[in-house]
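Coordinate analysis (summary)
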Amino acid sequence: MAIIRSEEEAERIIEELLQKGKGKYITQSVLFKKDSPQQMELLKNVLMRSTSFGDYARRALINYLDTENN
């Protein structure tokens, strides 16, 4: 996947998210269409493999970026 913004821009966005947030976490949402069989199947498969969608997504992103960088 191509890089679409500079490292500095990404750091600025993260800083803004840190300033806005009140808790320990930065939340980035993923929406699933209830009437999409493909999206519901994706959600079901993820929830079968992890305690939460967020945990699975983080691990999948780490694996993806590791593979992309090698």
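Here goes a summary of the coordinates provided. Note that this is a predicted model, so its numbers are computed, not measured. (Residues numbered from 1 in each chain as written. Predicted model: local features only at pLDDT ≥ 70, side-chain atom pairs only at ≥ 80, totals over all residues. Heavy atoms only, no water.)

Here we come to the overall build of the protein chain. Tallying secondary structure elements over the protein chain gives three helices and zero strands in all. Computed over the C-alpha atoms, the radius of gyration of the protein chain is 15 Å, more than 25% above the 11 Å expected from 2.2 N^0.38 for a compact globule of 70 residues. Across the 70 residues that make up the protein chain, the buried fraction comes to 4%. For the protein chain, the accessible area works out to roughly 6,700 Å², and carbon and sulfur atoms hold 57% of it. (Helix = DSSP H or I, 4+ residues; strand = E, 2+ residues; numbered from the N terminus. Rg over C-alpha atoms; globule rule 2.2 N^0.38 Å. Buried < 20%, exposed > 50% of the residue type's maximum accessible area, 1.4 Å probe, protein only. Areas by Shrake-Rupley, 256 points an atom, 1.4 Å probe, with all protein chains shown as cover.)

So, about a negative patch on the surface. Together, Glu7, Glu8, Glu9 and Glu11 line one region of the surface with negative charge. Tracing the backbone shows Glu9 in helix H1 (residues 7-20). (Patch = residues over 30% accessible without salt bridge, like charges linked within 9 Å, V, L, I, M, F, W, Y side chains within 5 Å. Salt bridge = Lys/Arg side-chain N within 4 Å of Asp/Glu carboxyl O. Lys, Arg positive; Asp, Glu negative; His and termini not counted. Charge placed at Lys NZ, Arg CZ, Asp CG, Glu CD.)

Turning next to the packing of aromatic side chains. Using the criterion set out here, one finds one aromatic pair in the structure. The interplanar angle of 85 degrees and the centroid separation of 5.2 Å between the aromatic rings of Phe32 and Phe53 together place this pair among those described as edge-to-face. A residue pair is termed long-range when its members are at least 10 positions apart, and Phe32 in the loop between H1 and helix H2 (37-49) and Phe53 in helix H3 (residues 53-69) qualify at 21 residues. (Phe/Tyr/Trp six-rings, centres within 6.5 Å; stacked < 30°, edge-to-face > 60°.)

Moving on, we come to the packing of H2 against H3. Direction vectors running N to C along H2 and H3 enclose 90 degrees, while the axes themselves pass 9 Å from each other. With respect to their mutual orientation, H2 and H3 come out roughly perpendicular. Along its contact with H2, which presents Leu43, Val46, Leu47 and Arg49, the element H3 presents Phe53, Tyr56 and Arg59. Residues of the contact of H2 with H3, tallied by class, amount to five nonpolar, no polar and two charged. (Axes fitted to C-alpha atoms, helices over the stretch in contact; angles between N-to-C directions. Parallel < 35°, antiparallel > 145°, perpendicular 65-115°, else oblique. Contact = heavy atoms within 4.5 Å. Nonpolar A, V, L, I, M, F, W, Y, C, P; charged D, E, K, R; others polar.)

What follows covers the pattern of salt bridges. Enumeration over the complete set of coordinates arrives at three salt bridges. When the shortest N-O distance is used, the salt bridge between Glu16 and Arg12 registers 3.0 Å. With a gap of four residues between them, Glu16 and Arg12 both fall in helix H1, about one helical turn apart. Glu41 is the partner of Lys44 in a salt bridge, and the nearest nitrogen-oxygen pair spans 3.3 Å. On the criterion of helical spacing, the pair formed by Lys44 and Glu41 is a turn pair, its members being three residues apart in helix H2.

On to a nonpolar patch on the surface, then. A cluster of nonpolar side chains, contributed by Met1, Tyr64 and Leu65, occupies part of the molecular surface with about 360 Å² of accessible area. Its place among the elements puts Leu65 in helix H3.

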